[in-house]
Amino acid sequence: MWRLLKLCALSVVVYSAVFGLLVDRPLSLGTLRLELLQKVTRLRALPSPKLVILAGSNGPYSHSCVVMGAMLNMPCENAGIAVGIGLDDIFIRYAPYLHAGDVVYMPMELSQYTMTAAAYRAAVDGAFLLRHDRSILVQLPVPRIAGAVFCCTLADLGEAFLEMPLAGSGIITPQGLLAGEYDDQGDRVDNLLALRDAALLPLAPRHLPTAVEIEGGYGSSLITKFVARETRKGVIVVGGMPVGYTQPQSGKLIAAIRSVYVLNGGRFLLMPDHSEYPRMDFFNSEDHLVQPCQFMHSIFVARYLAALLGRQVLPPSDAVIRVAAECPSAARIDVGRFSRP
């Protein structure tokens, strides 16, 4: 019995040494980690008051700091990052660089509210937290730490053996992969209308969770704590609905999301169209607008956000208006009103 226990303990030690000290996935996970580090670096450098867009990939794909920052006359970082990265990890990294007077706009994806604690234990950032960011990992709850420690499989080991030589040779690098995807404010720039995924158009609308699922989600509890903590510091936190395909939304669903913010000191911005657009406006998923629609949506959000905050809003530039006018659904809109506050 003792021999079996010793062998089990030894296997855990060997496993932890391999994935915690020796192997890495510098392309698949390394790109996500580098993206996160770049956003942290830019947040650290921005003066306050600043605008921070914080969501999943809906942030950089469907919102534009280039547009919103200019219209609100605020330095801006589009700090959204893929949903698979845990909000607990993101909040710990970003919080030191959010200060009184900063505005954090949070059009979080619906799945970020309903995500379970079990899903967090299996989150993809567990592997790079274990390998590279143990100072962040130790600040997370014990179940999250355990999930990171047991993050990986033989398939992950195989990927590491493929990725490490490629990245080491410089043939493919995380820096090179990100350079063509993001600008220096964190906006996604490869979501061009000409590259839109034709397979997207026939997709069914996304699944809408119930209000009960929103209220009971582990993700909601993390967002709730973040909003309360940051508003106590004087940060202005504004929740919002993520973009999505046009479909009826339950008033109870919107109320449940709104309560995450307003009951914890934040504010909530509900666009008249609930941030819903026809399928033809999307790039490669239900949360990702093509760039012209990204600009159009950002113009509207900036207008309503300025009114909510009592800030003066500047008109978008002619160049931004020209891009926004190419949004497929812009044909139904008086484009001339883009230039009017």
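The structure under discussion appears in the preceding block.
Now for a quick tour of the structure.

Calculation notes
Residues numbered from 1 in each chain as written. Predicted model: local features only at pLDDT ≥ 70, side-chain atom pairs only at ≥ 80, totals over all residues. Heavy atoms only, no water. Axes fitted to C-alpha atoms, helices over the stretch in contact; angles between N-to-C directions. Helix = DSSP H or I, 4+ residues; strand = E, 2+ residues; numbered from the N terminus. Parallel < 35°, antiparallel > 145°, perpendicular 65-115°, else oblique. Left-handed = near helix turned anticlockwise from the far one by under 90°. Contact = heavy atoms within 4.5 Å. Nonpolar A, V, L, I, M, F, W, Y, C, P; charged D, E, K, R; others polar. Salt bridge = Lys/Arg side-chain N within 4 Å of Asp/Glu carboxyl O. Buried < 20%, exposed > 50% of the residue type's maximum accessible area, 1.4 Å probe, protein only. Core = buried A, V, L, I, M, F, W, Y, C linked by side-chain atoms within 4.5 Å.

1. Thoughts on the packing of helix α5 (residues 87-94) against helix α14 (residues 218-232)
Here is step 1: Close contact between α5 and α14 brings their axes to 10 Å; oriented N to C, the two are set at 15°. Relative to α14, α5 is oriented roughly parallel. Crossing geometry of α5 relative to α14 is assigned as left-handed. Only Leu 222, Ile 223, Phe 226 and Arg 229 of α14 make contact with α5, whose side of the interface consists of Leu 87, Asp 88 and Phe 91.
Here is step 2: Here the contact of α5 with α14 is composed, by residue class, of 5 nonpolar, no polar and 2 charged.

2. Comments concerning the pattern of salt bridges
Here is step 1: According to the stated counting rule, one finds 11 salt bridges in the structure shown.
Here is step 2: Note that Asp 125 is salt-bridged to Arg 144, the shortest N-O span being 2.9 Å. Highlighted residues: Asp 125 in helix α8 (residues 125-132) and Arg 144 in helix α10 (residues 142-149), separated in sequence by 19 residues.
Here is step 3: Asp 125 sits in the buried class, given a relative accessible area of 0%.
Here is step 4: The exposure class assigned to Arg 144 is buried, which follows from its relative accessible area of 3%.
Here is step 5: Taken together, the salt bridges that share partners define one network made up of Arg 33, Asp 89, Arg 93 and Asp 133.

3. Side note on the nonpolar core
Here is step 1: Counting 41 residues, the largest nonpolar core has Phe 91, Met 106, Ile 223 and Tyr 261 as its most contacted members.
Here is step 2: When contributions to this core are tallied by element, the ones reaching two or more residues are α2 (28-45), α5, β3 (103-106), α6 (110-114), α8, α13 (211-216), α14 and α15 (251-262).
Here is step 3: The biggest single contributor to this core is α15, with 6 residues.
Here is step 4: Beyond its immediate stretch of four places on either side in the chain, Ile 223 contacts Leu 87, Phe 91, Met 106, Met 108, Gln 112, Tyr 113, Val 260 and Tyr 261.
Here is step 5: In this structure, Leu 269, Phe 283, Ile 299 and Leu 305 belong to the second largest nonpolar core, which totals 38 residues.

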